[in-house]
Amino acid sequence: MRNMAAPIDRMGLLLLTLLPVLFSISDAVDRSNFKTCEQSAFCKRQRDVKPGQSPYRALLETLELSDTRLTLQLINDNNKVRLLLELYRLQGNMTRVKINELKPLKPRYEVPDVLVKDPPTEPLSVLNRDENGVVLSLGADSQRLIISARPFRLDIVDGPNVLLSINSRGLLVFEHLRLRKDTKSETDTEQDVEQNVAEKGEGEEEVKEEEDQPGMWEETFKSHSDSKPNGPTSISLDFSFPGVEHVYGIPEHADTLKLKSTEGGDPYRLYNLDVFQYELHNPMALYGAVPVLLSHTTDRTMGVFWLNAAETWVDISSSASVQGGSEKSQTDVRWISESGIIDVFVMLGPRPTDVFSQYASLTGTQSFPPLAALAYHQCRWNYNDQEDVKAVDDGFDEHDIPYDFIWLDIEHTDGKRYFTWDPLKFSQPREMLQNLKDKKRKMVTIVDPHIKVDSGYKIHKEISSKGFYIKNKDGGDYEGWCWPGNAGYPDFTKPEMRAWWASMFAYDQYEGSMENLYTWNDMNEPSVFNGPEVTMHKDALHGVWEHRDVHNLYGFYVQMATAQGLIQRSGGVERPFVLTRAFFAGSQRYGAVWTGDNAAEWGHLKMSIPMCLSLGLVGISFCGADVGGFFKSPNPELLVRWYQAGAYQPFFRAHAHLDTPRREPWLFGPENTALIREAVRQRYTLLPYWYQLFYHAHRTGQPVMRPLWVEYPENAATFAIEDEFLLGKDLLVHPVTDEGSRGVTAHLPGEGEVWYDVHTYKKHQGNQNLYIPVTMNSIPVFQRGGSIISRKERVRRSSLCMQDDPYTLYVAVNAQGTAEGELYIDDGHTFNYEKQQFIHRRLTFAEGELSSSNLSPDSQFSTASWIEKVVFMGVTKPNAATLRTAGGLESALEFEFEPATELLSLRKPGVNAGADWTIQLR
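Scope of this entry: the structure provided in the associated data block. All of these numbers come straight from a predicted model, not from anything done at the bench. (Residues numbered from 1 in each chain as written. Predicted model: local features only at pLDDT ≥ 70, side-chain atom pairs only at ≥ 80, totals over all residues. Heavy atoms only, no water.)

Looking now at the overall build of the protein. Helix and strand counts for the protein come out as 15 helices and 54 strands. Taken over the C-alpha trace, the protein has a radius of gyration of 29 Å; the compact-globule value for 922 residues is 29 Å, and the two agree within 12%. The principal-axis extents of the C-alpha atoms in the protein amount to approximately 95 × 70 × 50 Å. For the protein, buried positions account for 63% of its 922 residues. For the protein, contacts bridging at least 24 residues in sequence account for 72% of all contacts bridging at least 6. With an accessible surface of roughly 32,700 Å², the protein has 47% of that area assigned to carbon and sulfur atoms. Separation of charge centres in the protein, based on 94 positive and 125 negative side chains, amounts to 3 Å. (Helix = DSSP H or I, 4+ residues; strand = E, 2+ residues; numbered from the N terminus. Rg over C-alpha atoms; globule rule 2.2 N^0.38 Å. Buried < 20%, exposed > 50% of the residue type's maximum accessible area, 1.4 Å probe, protein only. Contact = heavy atoms within 4.5 Å. Areas by Shrake-Rupley, 256 points an atom, 1.4 Å probe, with all protein chains shown as cover. Lys, Arg positive; Asp, Glu negative; His and termini not counted. Charge placed at Lys NZ, Arg CZ, Asp CG, Glu CD.)

Before going further, it helps to examine the packing of helix α12 (residues 636-646) against helix α13 (residues 670-685). Taken N-terminus to C-terminus, the directions of α12 and α13 make an angle of 10 degrees; their axes are 8 Å apart at the nearest point. When the axes of α12 and α13 are compared, the pair comes out roughly parallel. In this structure, α12 uses Pro-636, Leu-639, Val-640, Tyr-643, Gln-644 and Gly-646 to contact α13, whose residues at the interface are Asn-672, Leu-675, Ile-676, Ala-679, Val-680 and Arg-683. Tallied by class, the residues present in the contact of α12 with α13 amount to 8 nonpolar, 3 polar and 1 charged. (Axes fitted to C-alpha atoms, helices over the stretch in contact; angles between N-to-C directions. Parallel < 35°, antiparallel > 145°, perpendicular 65-115°, else oblique. Nonpolar A, V, L, I, M, F, W, Y, C, P; charged D, E, K, R; others polar.)

Taken together, the 11 strands give an open sheet; going across it, the order is β51-β50-β54-β48-β47-β46-β44-β45-β49-β53-β52, and neighbouring strands pair in mixed fashion. Edge strands, defined here as strands with exactly one partner in the open sheet, are β51 (890-892) and β52 (894-898). Across the sheet, the mean angle from the axis of one strand to that of its neighbour is 20 degrees, orientation sign disregarded. Both strand β44 (residues 787-791) and strand β46 (residues 819-825) contribute to a ladder of 2 bridges, which runs parallel. The partner of Ser-787 across the bridge, within β46, is Glu-820. Helix α14 (residues 687-700) rests against β44, β45 (807-812), β46 and β47 (839-846) of the sheet, and its axis sits at about 85 degrees to β46. (Pairing = 2+ DSSP bridges.)

Relative to the helices and strands, Ser-339 resides in the loop between β20 (326-337) and β21 (342-347). Assessed through its relative accessible area of 3%, Ser-339 is described here as buried. A polar contact is formed between the side chain of Ser-339 and the side chain of Asp-549, at a distance of 2.7 Å. Excluding residues within four positions of it along the chain, Ser-339 makes contact with Thr-233, Ser-234, Ile-235, Asn-308, Ala-310, Arg-548 and Asp-549. (Polar contact = N/O pair within 3.5 Å; in protein donor to acceptor, adjacent residues only side chain to side chain.)

Applying the stated criterion to the full structure yields 48 aromatic pairs. Considering the side-chain rings of Phe-505 and Tyr-510, the 6.4 Å spacing of their centres and the 70 degrees angle between planes classify their relative orientation as edge-to-face. We note that Phe-505, like Tyr-510, is buried. Relative to Tyr-557, the ring of Phe-556 lies with its centre 5.4 Å away and its plane at 65 degrees, an arrangement referred to as edge-to-face. Side by side, Phe-556 and Tyr-557 carry an identical accessibility label, which is buried. (Phe/Tyr/Trp six-rings, centres within 6.5 Å; stacked < 30°, edge-to-face > 60°.)

Let's shift gears to the state of the cysteines. Evaluation of the coordinates by the stated rule reveals 2 disulfides. The disulfide pattern of the protein is 1-2, 3-4 when the bonded cysteines are numbered in sequence order. A disulfide-free cysteine, Cys-379 has its sulfur positioned 16 Å from the sulfur of Cys-623, the nearest such atom. Free of any disulfide, Cys-482 has its nearest neighbouring cysteine sulfur in Cys-379, separated by 17 Å. For Cys-482, a relative accessible area of 0% translates into the label buried. (Disulfide = S-S within 2.5 Å.)

Below is the structure:
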């Protein structure tokens, strides 16, 4: 949702005055509303520090080593402030580095709740030690951690190769807590004494006074003032990756998959913001922030997780040096955060799949969504009333287009009071929901975290009476302007607030709700229309912590509480579905995200691919973009192409702005309706495969939608590809993202691999760039030779209507004449899969025999679905095809063979999808 002037009768005069200034309708974001690094005092201070010799040295005599950690003091020789370094060797080939003040004036914020548990450690051992440093074993083969004392530096090496260096450029800067000079009394206070202890060790000379710089103690941006009561608290640390050219991650940005050098421009910014119609190819902050960066070469993939929830900037630079007669590249990454501590997890891979598993062990895996959530969603700001909802619902049936969810935006509420319904337009919500339920469909309503300040509004009264609102710097409830006008902002960092919020989703609290109603959390950056940078003042208070410390966590906590509410209302039985706009590391545990307020432009369609790929690399697989673009109006060609692309992205939702013409799929003429229908139907036929991919993402942390290099890590030609992608490892998709395109060039990876066009069944060799002519009828999609993919080809009006329908197996044979795949089935909506109530089958084809065997002998589940058809690609014509069941019964199968495409179709094997069986081709 979006920063647009709301109807006059809904908003106050002040808001009407503010909004035209803040959010005038234009072709793109007004950059002047958002800070550059130069305008952010701490970023400017840190960036003014240039690479050079670090003032920090390690005091080796303070080293202490236990079974679980190493501690060591660092001292800044310029100001004599001491820091405490903690090092942990973690299970799974990871290293944790923490740096904090040794004795801060007050505690510094350490991010809670993001890690799923305290990461299990492994013993560290000292291999060598002298006056220059310490060498530690990291266990795995020849991996070592080297601590250099003067200047302080960390190097992680594998044999003779340096994998990663920390502070090699001398950019460790830790702004210690201090007393403001103009507030000190002539005699030392107790705090002064503590400060002296913190700033100098016994027997050391007095601290050199540091000059105050602009913005240390207060900062102004436009008309907004930030009081900064704690003064300067920012931190910085540099990481160097020798031999690395390609780095990825740190979403969310509307930019290329491969991260660019930021030299000569702004760093990438991580600060959750409500950005109106964002620009493309820009390092500006957007709605979410995941401080995880991956490096990749043909030899190794690694990751860095910077666990800090404050405003963060990431500088990236690349260089090359001649070593041993050959040029060697290097990428340098510098992290700068406004407050908190340095808490870094180095994930050492070495393969892409290892890094995904390592990160998942820290922050959790993608939540396993209900099957219906993977189907098609229809949304608009706003469907007008219950009659409008019914008309749209009937329109899908009339035009034979399936869908599972219809969405209601903010106008469905009673005056922007969330958990309510407009008494005139949505007077019978249960009747509306029951009508959808009768068709096995569902609804999503928006529930935003800005609460209308209204003494007659139950939600506001309870939050206020319980003291659950965020406070302003003076201790009163923080209030800002958002959709309802004057609004309070619940403090979701409080467990008690989250528990209360969750309780509001109970059926007897959220009046009119039913089990087929799910939730959308928007504007949860949080968005404050009259706040600095359209968000909350940093000196607002969450208990003892300032908002600056926790900002990027706010949306994470909102989605967490909402998901818990949907689980609780069912007694812990049903899986939730919650969409969020703001997110952080770990948000994958609670639902889906989307790429925010995009526009109906070809560039935005194109950019949706690297944006979702970047999210998948850092654990958030359930990603999509508003199909058709939120702002502006797509022409029919763009709309069709967007449906075709969206059908192959994890979250598939059409959405549009209030002021755009209606764009339900049947409003663009019969030909375009047919094209959109076919795109949506392709999604529905593939739901078994999507569901299986999400099951694996939930179990293992591997991304659903992934760049080619993840599966082909040694193929340098794939490293910068962002116009095509893999779904799992077996489907390659190349959307058409250029207007008037008559063809695309797809890279088919893999020496010795074969790929089959899923539309024509034509076989192509891997390791080539293939030009593919295209029409408006389809987009290039290929199935990997050596794979077996399950589909359901009887498409009905919703996924639940297809629950017991039969499967068709597509067996794509590789150059060796073999193939393998899986089939996963459960009830599609409960947590019973955690109780072994599912079917998980292994499908294998070798030496002319296709078999189904049980991957989970302990599981207990039955299905009415059966195997209706088997399609083989890349085989020769058999003389006969015989089915043999587990009971030993044999029967001949009818088949058809097309010599031109080597396509063999077996009809009606008729076996249950959960049974053991074998098909023999002779």
